[in-house]
Amino acid sequence: MSVSCEQLAAFVDGELPLEEAEAFQAHLATCAECQAGLEDQVQASLLVEAAAEARSASGAQAPVSTEAGPVVPSGADGGPATQGPALRAVPGGGSTSSAGTTPAHARTRARWDRRRVAGFAAAAAAVVLAVLAVGRPWRTSEPERTLPFAVAEARPMEGRLSHPGLAAYRAPGTLRGGADGKPELDLQALSQLEANGDLHGVATAWLAAGDFERAERILGRLPATPAVMGDLALAALGRAQPERALTVLEVGLESAPDDVRLHWNRGLALQALSLELAAAAEFSRVAQAKEPGWSTEAAERADGLRKGALARRDSWQAMNAAGMALALDGTPYPASMARRNPDLARLYLYHALRAAPSVERVKALAPLAELLDDATRTNTASAYVARVASADFSKRGPLANTYREILSGTRSLEGPEADAFLARLRRSGERDLLMGGILLLHQEDRFVDELTTLVRQSGEPAWYDAPLARGRAQAAQDRGDMQTAETSLKNGLASCRSAGFQYRCVDLQRSLAALYNRMDRRQEAGSLARSALEEAFRTDSWFQEELLLADLVTSARLSHAPALARAYLDEYVQHAPQDCARRSEYHHARALLFVEDLDAKGARREVQDALTCPTAPTLLEVAVAGDLLRLEGSAVPGRELDRVRERIRVLREDPSLTIGERLLVDHIEGRILIERDRAAGQKVLRGVITGSALHRSTDIEARKAWAHSHHVLVMDAGRAKEWGPAVDLLAEEVDRTAPTSCLLALAGQDERMLFVARGPTGSSSGLYLNALKRPLREQVPAVPDAILQVLAGCEAVKVLAEPILQGRPGLLPGDRAWSYLAPGGHRVEAPAVAPAPKRLVVSDVEPPATLGLPRLMPWKGVTGAGDVHLRGRAATPEAVLAEMEDATEVELHTHGLAGTMSDAAFLALSPDASGRYALTAEDLERHTLRGSPVVMLAACDANVGAWRYHAVSSLPSALIQAGARAVVAPSTEVPDVEAGAFFQALQESLRRGTPPAQALRDTRARWLEQGSARWVQDLVAFE
C-alpha cells in the first residue's frame, strides 16, 4: 500500500480509512520528516476538536444520540488496533451499540466509525510523540505530572499505581454489583499527557482503564525503575499472571527493597496465589510505614488474610482433636465437622471402629456412619459398623487395644515387633484390623498383594484404593520402576475422583506431585500440587496445605522460577514461624536460590540466618554448603570447611537415607574436597561413580550422583588442561563413544564452562571458563574463535554435550555441517537387516479447541505406495506411536507446544476417546522404533528440552534413544506456509544419501538464498 507524508494531517484528523491509517502509522515510526511535523499537527487537531466541543456545549449543534462520545480502540499506543475496553469522553455515557434501523441510528453508526478511526489515529500519533519525547530531549519545560482522574474520590484499582500524581490515598472503587469502577477519560486529556512526554502517565491511564496489555507494552519501553516494575506487576496481575508479577516485583525490590508500593503489589500477587499468610506479612510491612490511609487499609488487609488462614488451621486442629477423641475415647464427633470434611470424619470413624474395645462402643458410632452414608448416598459405613458389632470381642478386644495404643502414640511397633503384631492379626481372622494395621504401620509397600486382597474384601474398596495405590507406587519406586509408580497413582486418583473422596484425592495428587518432582517433571508437579492446594483450602485441610507447599517450593525451584519459589517459601514458613527447624529449612532453601543465581553474598547471608537455628543436618543444607564453598573459593576460612565436613559426617549417620541419597552425600564431600585437595577429591568422586554404576538405572538419586560426579571430574580435567581425559569422562557421563576427530565437546554448570575441540587429525585444544557472571540457563557463551579454528578442516562436526547444553541452536556457524550426538544409555541400536521402507506422514491434526490453536494449512505433499498418512482425527498419539514403530521415515506436521503441561516441548495431536492429545518425550521413551527412522519434527519449538543436569529430556533425544537414526527439529516458531516445502526438500536430500548434518546445511543455505525467514537457522540435527 502506497504511503505519503502528505497524509499526515488526514491521519491525525482520522480521515484515513482504518487500513490506510494502520499503514501510515508504520511509516510514521521511521520517517523523520513526518515525526518533525507531528506535534504541530496534533496540537492543531486538538484545538479544532476543543472548539467544536465548545460550540456543542453552547447549543450550536444538538447531539444526534445518547452516544458516549469517541471510542478509542486498542492499538492507540502505536501498535495494530485490536479490540479492547473503551475510554469515553463523557462520564456516564450510554450504550455504544449500533443496533437500530432509523436514519438517526444510521447517522450515529457512521459517526462512531469516523470517530473510531479518528481516535485510533490521534492516540497512535500522540503515543509516537511521547516515545520521541522520551528519546529526544526537545521539550523546553518539565512535563506536568498530574493525571486527569487523580482527583476522583475512589482509586480505580486494588493495586498501588506508581505515578507521582497518585501518591495520595483514596479508598478502592470496587463495586459489589459487578461493575469495574474504571475511570472514564477523554481522548484530549490522554493526548495531552502524551504530548507532554508523560509516557508513564499514559500507561497509568490504560492500567486504570483496565487495558492491561496496552499498558504493559507502553511500560516496556520505559527504563526498568522500581516505579515502572510496580506498574508492570499490576498489568501482569490484571492479565491473571501473578507468577510473572512476582518476578517483575523482585526486579524492582532489588534496587528499592523498602518501596511500600512494591510490597503492597507483592501482597496482591501472593493473595492471587492464595498464599494468605505471606500476603498478610507483606501488608503488615506496608502498615508499619505509617502512611496516611494506606497503612490503615494495609493493616485491615493483613488482618483479614491472617484471620482467613488461621481459621482454616483452627478448623483443622479442631477436626483432628475431635477425631482422635472419637477413636480413642468414643466421644461423639460433631455433625457440623462431619459435614465440613466428611472424608476426614470417615477416616476417624474407621479408626474408631478398629480401636473400639467393646460392642457398645461400636454401636455408638452408628449415627455418624449414617450421616456419612447420607453424604455419599451409600450404606458402606453403616454396613462396616454392623460387621464389627457382630464380632467376638473376647478375641477382637485385645487386638483393638493394641491398635488404639499405636494410634495414640503410647506404643511404637517397629521391625520384628510390627511383624509379630501383623502375624497375630492374620491368625485372628479379623481382616479389617489386619488391613488397618498394615496402613497404620505404613507397611503398604511391603504387603501390596495381601493388601490388594484385603481391600477387595473390605466392602468399601473405593475408600481404600488410595492407600493401596500409594503402596503400589512406593514399591515400584523402590525397585526403580517409575512408570509403574506413576500409573498406580494415576489409576488411584481416577478411582478416587469417581468415588468423590476429596481428602483421598488430595493425598494422591500430592504423592504424584512428589513423584514428578523426584523425576524432575516440574510442570506436571507444580500443576498437580497447585490444584490439590486449592482443594485442600476448600476443606480446611491445613496439614495437606503444608505438605503441598513444600512440593510447590521444589517444583518452582526446579523450574528456575525463583520469585515463585520464594513466594511459596514465605507461605511455608509463616505456617509455623516459631519452628526453628522450619526457619533453618527456609533459609537454606533461599540460599540455594541465590546460589543458582550465582549470588554468593546473598546465599551466605541466608546460611548465616539458618545457623541461628541449631538443627540436625539435611541433604539440602550440605548441598548448599558445597556449592557456596566453591563459589566463594579461597575466601572461605578453614573453620567453615571443617564445620561443613562435620555436618556431612553427622548426616551420614542418619538411618533414613537411601542408597542414592548416601551417594549424593559422598558426591558433595568430593565436590568440596577437589577444590582444595585434588587427589583426595578425585578419589571420593570416583568412588561415587563406582558405587552408583549398579544403581543408576533404578535409583534417580544414584543417577544424579553419577552425572554430577562425572561433571566435577570433567571440569577438574578442563581446569588442568587435560583435554583428552575431559572428553573421555564426558563421553562416559552421557554413555556415548567420543569421535576421535571433528568433535566439539561441551560441559558446564553455574559459573563454569568447558570447550574442547578435536580437529580433522585428532589434535585437541580447549578453553576452561570459571567466572561467568550469568548462569548458563540465561546465557551460554559463544564457541570461541580459537576452538572454531581447530574444527576448520572438518566436513562435519559431531557435538558431545552435557544434558543442559544438549540441543542448543546456532552453536556453530550456519555454513558448517554439524549435529548433536544424543545421550546413549537406553539407545536402541540400528537393526542388523535393513527394514522394509515405510514412510509415515502425520498432518492436518485437530487438537482440542480449548488449546486455541489455529488450524494448520493442509499438507500438500504426495504419498506413495506403502506410505502411511495419518491425518485429521485419525492422528491420535496412540495411532502415531503404533505406526512409528516400524517406519523408516517420519514426518510430523503438527503444532508444538513448550512450557505448558510438560517441561519439554510436546506435539499437539488429535485427541483419542479418552481425550489424550499430547505426544511427549516420556511417551516416546517407552517405545522402540524398529525401523531406525529419520524423523522430521515440523512443529514449533520441537527441540525445546527440559533443563536437567543429570539427563536429557526432549523429543529429539527421546526419539534417538527409542531407535531413530536421525532427527531434525526446530528450536523456534515455524511458519506454516513454509514448513512443508522445506522439510520435503530436506527429505529428498536425505534420500539421495546425503548425511543429515550436511543435508540440513545445504537445504538451509538454498532456503536462505531464496529469501526465506530466518527460522531455518534454528533447526538442529541429532544423530
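Fair warning: this is a prediction, and the values are worked out from it, not measured in the lab.

## Re the packing of aromatic side chains
(1) Moving on: For the structure on display, the rule yields 16 aromatic pairs.
(2) Moving on: Between the aromatic rings of tryptophan 264 and tryptophan 294, the centroid separation amounts to 5.3 Å while the plane-to-plane angle is 85°, which identifies the pairing as edge-to-face. Of this pair, tryptophan 264 sits in helix 10 (residues 260–272) while tryptophan 294 sits in helix 12 (residues 294–329); the two residues are 30 residues apart in sequence, bridging distant segments of the chain.
(3) Moving on: Assessed through its relative accessible area of 0%, tryptophan 264 is described here as buried.
(4) Moving on: Look at phenylalanine 982 and phenylalanine 983: their rings are 5.6 Å apart centre to centre, the planes differ by 85°, and that puts the pair in the edge-to-face class.
(5) Moving on: According to the relative accessible area criterion, phenylalanine 982 is buried, its value standing at 0%.
(6) Moving on: In textbook terms, an aromatic cluster arises when at least three aromatic residues are bridged by ring pairs, as seen for Tyr350, Tyr384, Trp463, Tyr464 and Phe501.
(7) Moving on: Note that arginine 426 overlies the ring of phenylalanine 447, its terminal NZ or CZ placed 5.0 Å from the centroid.
(8) Moving on: Above the plane of the ring of tyrosine 572 lies arginine 582, whose end atom (NZ or CZ) is 4.3 Å from the centre.

## Focus on the pairing of strand 13 (residues 966–970)
(1) Moving on: Extensive coverage of strand 13 is indicated by the burial of five of its five residues.
(2) Moving on: Burial of strand 13 is two-sided: the residues Ala966, Val968 and Pro970 facing one way and the residues Val967 and Ala969 facing the other way are all buried.
(3) Moving on: Note: strand 12 (residues 934–938) against strand 13, three bridges, orientation parallel. Pairing of valine 934 across the sheet is with alanine 966, part of strand 13.
(4) Moving on: Traced from strand 12 through helix 39 (residues 955–962) to strand 13, the parallel crossover comes out right-handed.

## Concerning the state of the cysteines
(1) Moving on: In total, this model carries three disulfides according to the counting rule given.
(2) Moving on: A disulfide bridge connects cysteine 496 with cysteine 505, and the sulfur atoms are separated by 2.1 Å. Between cysteine 496 and cysteine 505, the S-S torsion sits near -120°, and that sign places the bridge as left-handed. Cysteine 505 shares its class with cysteine 496; the two are buried.
(3) Moving on: Residue pairing for cysteine 742: its cysteine sulfur links by disulfide to cysteine 794, the two sulfurs lying 2.2 Å apart. With the S-S bond torsion at -95°, the cross-link from cysteine 742 to cysteine 794 turns out left-handed. A residue pair is termed long-range when its members are at least 10 positions apart, and cysteine 742 in the loop between helix 35 (723–733) and strand 1 (743–749) and cysteine 794 in the loop between helix 36 (785–790) and strand 4 (797–801) qualify at 52 residues.
(4) Moving on: For the protein, the bonded cysteines pair up as 1-2, 3-4, 5-6 when numbered in the order they occur along the sequence.

## Details of the nonpolar core
(1) Moving on: With 147 residues, the main nonpolar core has Tyr333 and Leu349 as its most contacted residues.
(2) Moving on: Sort the elements by how many residues they give to this core and helix 12 lands first, with 11 residues.
(3) Moving on: Each residue touching leucine 349, except ones within four places of it in the same chain, is listed here: Leu326, Leu365, Leu368, Ala369, Leu372 and Ala381.
(4) Moving on: Leu812, Leu924, Ala942 and Ala964 belong to the second largest nonpolar core, which has 56 residues in total.

Rules and cut-offs
Residues numbered from 1 in each chain as written. Predicted model: local features only at pLDDT ≥ 70, side-chain atom pairs only at ≥ 80, totals over all residues. Heavy atoms only, no water. Phe/Tyr/Trp six-rings, centres within 6.5 Å; stacked < 30°, edge-to-face > 60°. Helix = DSSP H or I, 4+ residues; strand = E, 2+ residues; numbered from the N terminus. Buried < 20%, exposed > 50% of the residue type's maximum accessible area, 1.4 Å probe, protein only. Lys NZ or Arg CZ within 6 Å of the ring centre and 35° of its normal. Pairing = 2+ DSSP bridges. Right-handed = clockwise from strand over helix to strand, strands pointing away. Disulfide = S-S within 2.5 Å. Core = buried A, V, L, I, M, F, W, Y, C linked by side-chain atoms within 4.5 Å. Contact = heavy atoms within 4.5 Å.

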